[in-house]
Each structure stands twice: as C-alpha cells, then as structure tokens.
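Summary of the model geometry
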Amino acid sequence: MRKALREKIMTVCDKKIASKGNEVGLSFYAFFANKNDTPELLMEAATWWIQTHQLDHFVKAHIIKKMIEDGV
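Described below are features of the structure shown in this document.

Across its full length, the protein holds 3 helices and 2 strands. In sequence order, the secondary structure elements of the protein are arranged as α-β-α-β-α. Taking 2.2 N^0.38 as the reference for a compact globule, 72 residues should give roughly 11 Å; the C-alpha atoms of the protein span a radius of gyration of 11 Å, in line with that estimate. Overall size of the protein, expressed as C-alpha extent along the three principal axes, is 30 × 25 × 20 Å. Looking at the 72 residues of the protein, the share that counts as buried comes to 33%. Within the structure as shown, the protein displays about 4,700 Å² of accessible surface, and the carbon and sulfur contribution to it stands at 54%. Charge-centre separation for the protein: the mean point of 11 positive side chains lies 4 Å from the mean point of 9 negative side chains.

Across all of its chains, the model carries 5 salt bridges by this definition. Here Asp70 ties to Lys66 by a salt bridge, and the two come within 3.1 Å at their closest N and O atoms. The partly exposed category is assigned to Lys66, whose relative accessible area is 46%.

Another point: the environment of Ile9. Position of Ile9 among the secondary structure elements: in helix H1 (residues 3-20). Residues Ile9 and Val24, 15 residues apart in the sequence, show an inter-C-alpha distance of 14 Å. When residues no more than four places from it in sequence are discounted, the contact partners of Ile9 are Met1, Phe31, Ile64 and Ile68.

So, about unusual backbone geometry. In this structure, Gln54 is a non-glycine residue whose phi angle is positive, near 50°. By the secondary structure assignment, Gln54 is in the loop between helix H2 (39-52) and strand S2 (59-60).

Tallying each qualifying case throughout the model produces 4 aromatic pairs. One aromatic cluster is present, formed by Phe28, Tyr29, Phe31, Trp48 and Trp49 through successive ring pairs.

The first and last C-alpha atoms of H2 sit 18 Å apart over 14 residues, in line with the 20 Å expected at 1.5 Å per residue. Within H2, the axis deviates most sharply at Ala46, by approximately 25°. Check the buried side of H2 and you find it contacts H1, strand S1 (25-26), S2 and helix H3 (61-69). Where H2 ends, the next residue or the one after it, Gln54, has phi of about 50°, a positive value.

Each value, and the rule that gives it
All residue numbers refer to position in the chain's written sequence, counted from 1. For a predicted model such as this one, the threshold for reporting local features is a pLDDT of at least 70, and the threshold for listing and counting side-chain atom pairs is 80 or more; totals across whole chains, interfaces and linings nevertheless cover every residue. Hydrogens and water are ignored here; the side-chain numbers use all heavy atoms of the structure. Helix numbers and strand numbers start at the N terminus; a helix is a DSSP run of H or I with at least 4 residues, a strand a run of E with at least 2. Only the C-alpha atoms count toward the radius of gyration. The rule for a globule is 2.2 Å times the residue count to the power 0.38. Only protein chains enter the area calculation, which uses a 1.4 Å probe; residues under 20% of their type maximum are buried, those over 50% are exposed, and those in between are partly exposed. Values of accessible area rely on a 1.4 Å probe in the Shrake-Rupley scheme; residue burial ignores everything except the protein chains shown. Positive charge is attributed to Lys and Arg, negative charge to Asp and Glu, and no charge count is given to His or to the chain ends. A charge is said to be at NZ when it belongs to Lys, at CZ for Arg, at CG for Asp and at CD for Glu. One speaks of a salt bridge when a side-chain nitrogen belonging to Lys or Arg is within 4 Å of a carboxyl oxygen belonging to Asp or Glu. Contacts between residues were defined by any pair of non-hydrogen atoms, one from each residue, lying within 4.5 Å. The pairing test for Phe, Tyr and Trp rings, Trp by its six-membered ring, is centres within 6.5 Å, and the orientation test on the planes gives stacked under 30 degrees, edge-to-face over 60, and tilted for anything in between. Each residue after the first adds 1.5 Å to the expected span of a helix. A residue's bend is the angle separating two fitted axes: one through the seven residues that end there, the other through the seven that start there.

Structural data, given as structure tokens:
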C-alpha cells in the first residue's frame, strides 16, 4: 500500500477515535469522499481490506490503525 494511503488511513482513524471513542468502527469507504475522484486509490484500499485481509465491512478503527502501524 502506498505511503499516502497509509497516512490518510492513520489520520482518519485518529480523528474517528478522538471524536467517537476507541470502539468506533469504520469501513474502507471512510477514507474517501462521497464523490470519489481517486478510483485507483479506492481500489487499492478495497483490495487491502477485502482481498488481502478479508476484513468485515466494519472494523474497529483502533484495529485498522494498529495494522497500518505494524506494516500489515
């Protein structure tokens, strides 16, 4: 996964956790605007989320953040 996407995921996770608490869940769509202007980035996130790690639709933000920190 490219560095820019990892940074974006970390930023979104941090914001969600800060505003809604450690148990907040999110999907990979949380990292993108409703009108997606970067489809290749969306597909990269979807591939990582769905194919590579077979995650559920909603996952706790702190779990995703830990995965990114660990370089998974």
